[in-house]
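Observations on chain architecture
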Amino acid sequence: MAYLVMTLRALVAGVFLVSFVGKVRSREAFTGFAGSVRRIGRVPRRFATPVAVGVIAVESGIVVLTAVPATGMVGLVSAGVVLTVFAIALATALRRGAAEPCRCFGVREEPIAWRHVVRNIVLAACALGGAALTPGVEGASIQPAAVPLCLLVAAAFVGVVAGLDDLMFLFR
């Protein structure tokens, strides 16, 4: 179970890291994200940038909390809560007919869809599942050779999550 928890922590930290980098890598990426916050979340224009900065700050905090062993459980629980809030926000926007790009991972133009809600629910379940398993594995012995494997598996899933829209395009 310790390896599963390690993999889930790496997955969650990786997804939030890719999301963070995608939003702050350029002025265009940040501006696009702030605009999507305004349109999808119906945030007034004057609050869109502060809310976008807040989301980015929370995401970076989750990366750090999840990556540090002493705070891993707090990071996973925080990620689970944030991902649930994101899923609810996207579902609410979809129910009212929004067709805006989410900009969850940067400058992508793909409009929000139910797959984004499902993605966030699955990630929230991974985060909360990892948090639930954490107390049972604290202090467990970990073989150093297994660490790269756990990170590799997590990185593969991060790639699938971050590239979900591109993968879906291939199957159309």
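Remember, predicted model here, so these are calculated numbers, not experimental data.

**A word on a nonpolar patch on the surface**
Taken together, Met-73, Val-77, Val-81, Val-85 and Leu-128 make up a surface patch of nonpolar side chains, about 390 Å² in accessible area. Here the nonpolar patch takes four residues from helix α4 (residues 72-95), the largest share from any one element. Among the structural elements, Val-85 can be located in helix α4.

**A short note on the environment of Phe-169**
Along the chain, Phe-169 turns up in helix α7 (residues 164-170). Placed 36 residues apart in sequence, Phe-169 and Leu-133 show a C-alpha to C-alpha distance of 35 Å.

**A few points about helix α3 (residues 45-67)**
For an α-helix, the turn length of 3.6 residues means that residues three or four places apart are oriented alike. With 23 residues, α3 extends 34 Å between its outermost C-alpha atoms, agreeing within 8% with the 33 Å of an ideal straight helix rising 1.5 Å per residue. Those residues of α3 that sit buried are Ala-48, Ala-52, Val-55, Ile-56, Glu-59, Ile-62, Val-63 and Thr-66. On its buried side, α3 packs onto α1 (2-24), α2 (27-40) and α4.

**Some remarks on the nonpolar core**
Leu-11, Val-12, Val-15, Phe-16, Ala-79 and Ile-112 are the most contacted members of the largest nonpolar core, which has 32 residues in total. Looking at this core, the elements that each hand over two or more residues are α1, α3, α4, α5 (114-137) and α6 (146-162). Ranked by residues supplied to this core, first place goes to α4 with nine residues. Val-15 has contacts with Phe-105, Leu-123, Val-158 and Val-161, leaving out every residue within four places of it along the chain. Counting residues in each nonpolar core, the second largest holds seven residues, with Phe-33, Val-37, Ala-52 and Ile-56 among its members.

**Section: unusual backbone geometry**
Of note in this structure, Arg-42 is not a glycine but carries a positive phi near 55 degrees. Within the element layout of this structure, Arg-42 appears in the loop between α2 and α3. The backbone of Arg-103 shows a phi angle near 60 degrees, a positive value even though the residue is not glycine. Tracing the sequence through the fold places Arg-103 in the loop between α4 and α5.

**A look at the state of the cysteines**
This structure, assessed with the given rule, holds one disulfide. Between Cys-126, a free cysteine, and Cys-150, which holds the nearest cysteine sulfur, the sulfur-to-sulfur gap is 14 Å.

**Structural notes on the side chain of Thr-7**
With respect to the helices, strands and loops of the structure, Thr-7 is situated in helix α1. A distance of 2.8 Å separates the side chain of Thr-7 from the backbone oxygen of Tyr-3, its partner in a polar contact. Look past the residues within four positions of Thr-7 in its chain and what remains in contact with it is Cys-150, Val-153 and Ala-154.

The rules behind each value
- Throughout, residues of each chain are indexed from 1 in the direction in which the sequence is written.
- Local features in this predicted model are restricted to residues whose pLDDT is 70 or higher, and side-chain atom pairs enter the listing and the counts only when it is 80 or higher, whereas totals over whole chains, interfaces and linings include all residues.
- Water and hydrogen atoms play no part in the side-chain values, which are based on all heavy atoms of the structure.
- Here, patches come from residues exposed beyond 30% relative accessible area and free of salt bridges, joined within 9 Å for like charges and within 5 Å for nonpolar side chains (Val, Leu, Ile, Met, Phe, Trp, Tyr).
- In this description, accessible areas are obtained by the Shrake-Rupley approach with a 1.4 Å probe, and a residue is regarded as covered only by the protein chains that are shown.
- Just to be clear on terms, a salt bridge is a Lys or Arg side-chain nitrogen sitting within 4 Å of an Asp or Glu carboxyl oxygen.
- Strands are runs of DSSP state E lasting at least 2 residues, helices are runs of H or I lasting at least 4, and numbering of each runs from the N terminus.
- To estimate how far a helix should extend, the number of its residues minus one is multiplied by 1.5 Å.
- Here the term buried applies to any residue with accessible area under 20% of the maximum for its type, exposed to any over 50%, and partly exposed to those in between, with areas from a 1.4 Å probe on protein chains only.
- Throughout, a residue-residue contact means that at least one pair of heavy atoms, one from each residue, lies within 4.5 Å.
- In these notes, a set of buried Ala, Val, Leu, Ile, Met, Phe, Trp, Tyr and Cys residues joined through side-chain atoms within 4.5 Å is what counts as a nonpolar core.
- Only a pair of cysteine sulfur atoms within 2.5 Å qualifies as a disulfide here.
- A 3.5 Å cut-off defines polar contacts: any pair of N or O atoms within that distance qualifies, except that in protein one atom must be a possible hydrogen donor and the other a possible acceptor, and neighbouring residues in sequence count only when both atoms are side-chain atoms.

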